[in-house]
Amino acid sequence: MAPSSYNYTSPQDMWYFLIGIPGLEDVHTWISIPICVMYIVALAGNLFLIFLIVTEQHLHEPMYLFLSMLALADVLLATSTAPKMLAIFWFHSTSISFGSCVSQMFFIHFIFVAESAILLAMAFDRYVAICYPLRYTAILTSSAIGKIGIAAVVRSFIVCFPFVFLVHRLLYCGRNIIPHSYCEHMGIARLACDNININVIYGLTVALLSTGLDIMLIIMSYTMILCTVFQIPSWTARFKALSTCGSHSWTARFKALSTCGSHICVILMFYAPAFFSFTAHRFGGKTIPHHIHILVANLYVVVPPMLNPIIYGVRTRFRTE
C-alpha cells in the first residue's frame, strides 16, 4: 500500500506530458522527417493495397484477404501513434489528458495483438496451401476467413481491455512526465504511487499467452511446411513438377511456397523490434540507453507498416497483370 502522506490525484483530472525521445530533444526535428515520410508511405501503400484487393475480383483469395486485414491493422497502428509523435517533434505539443492517454494505450496494444493473430492466420494459410493444396479452398472458405478475422478482433479486445482497468485502479500522486512519444501500459503504470505488480504480471502474461503463443504456432506451421517440402526427393524432381505440371498437388505447393519468403520477412519485422522494446523496457533498463529503446519503439510503429505493402505489393501487382 502506498504511504498515506501522498497527495493523491484523481486520474480523470490528470494531464500527462510526453517528452518524445529523452536525450535527443535537440534533433527531434530531424528525426521527424524520416518518420513523417514513412508514415505517409505506410498510409498510401496500405490504403492502395486494400483498394486493390477489394476492387480486383481475382484477388479475393484467402492469402490476399488476410493481407488486406494486415494492411488495415498497419494503417490503424501507424495512425494511433504517428500524428501525436509528429506533433511533439514539430509543435512541442506534449500534453495529453489521462483519458486520451489510456485510449491511445488501449488501441496500440489492441492493434498489436490483433496483428499478431493475423500473422498467425497467414501462416496457417500457407500451411494449408502447401500441405493440403487440394483441400485449400474447402478449408479456407469465405465464411472461415470471416470467422478468423472476427476471432482475432474479439481475442485482442478480451486480452487488452483489462489494461484500462489496471491503470484506472492505481493511485496517482502528481507524477505526470512520460519519457516516451506515445502512451503504453507500463509507461502509465510507472507513474503511480501504488503497487504495480499486478500490472507487470498481467503484461507478461499477455505477452506470453497471446503473442508468444502466436509465435510458437507460426514456428510449428513453418516446421510442418519444411517437412512437406523436403519430402520431394530432389531439386530435379521439384523443378520437373513445376515445368510439366504433372502433379497439380506439387505445383500448387510450390506456388504457395514462393509466397512464404514475403511472409517470413513481415513476421521478422513485426516481432523483432516489438520484443526488443518489450525486453528493454522490463529487463534492459541499465544496459540499453533509454533513448535507443524509445527510438526503436518509435520506428517500430512506422517501419513495418511502411515495408509490408512494399514486400507484398510487388507480388500482388504481378498477380493482377
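Look a little higher up for the structure.
In this report, the structure presented in the accompanying data block is examined.

Cut-off values and rules
Residues numbered from 1 in each chain as written. Predicted model: local features only at pLDDT ≥ 70, side-chain atom pairs only at ≥ 80, totals over all residues. Heavy atoms only, no water. Buried < 20%, exposed > 50% of the residue type's maximum accessible area, 1.4 Å probe, protein only. Helix = DSSP H or I, 4+ residues; strand = E, 2+ residues; numbered from the N terminus. Pairing = 2+ DSSP bridges. Phe/Tyr/Trp six-rings, centres within 6.5 Å; stacked < 30°, edge-to-face > 60°. Lys NZ or Arg CZ within 6 Å of the ring centre and 35° of its normal. Core = buried A, V, L, I, M, F, W, Y, C linked by side-chain atoms within 4.5 Å. Contact = heavy atoms within 4.5 Å.

Before going further, it helps to spend a moment on the pairing of strand β1 (residues 15–18). Every regular strand shows the same layout, with side chains that alternate between the two sheet faces. Of the two faces of β1, the one holding Tyr16 and Leu18 is buried and the one holding Trp15 and Phe17 is not buried anywhere. Two elements, β1 and strand β2 (residues 95–97), share three bridges in a ladder whose sense is antiparallel. Residue pairing across strands places tyrosine 16 opposite isoleucine 96, the latter belonging to β2. Both β1 and strand β3 (residues 177–178) contribute to a ladder of two bridges, which runs parallel. If you follow phenylalanine 17 over to β3, its bridge partner there is isoleucine 177.

A word on the packing of aromatic side chains. Applying the stated criterion across every chain yields a total of 16 aromatic pairs. Members of the aromatic cluster, joined through ring pairs, are Phe106, Phe107, Phe110, Phe157, Phe161 and Phe165. One Lys or Arg, arginine 135, reaches over the ring of tyrosine 132 and ends 5.6 Å from the middle of that ring.

So, on to the nonpolar core. One finds Tyr16, Ile35, Leu70, Leu119, Tyr172, Ile188 and Ile218 to be the most contacted residues of the largest nonpolar core, which totals 88 residues. Looking at this core element by element, the count peaks at 21 residues for helix α4 (residues 98–131). Among residues more than four places away in sequence, those in contact with leucine 119 are Leu70, Ile218, His263, Val266, Ile267, Phe270 and Tyr271.

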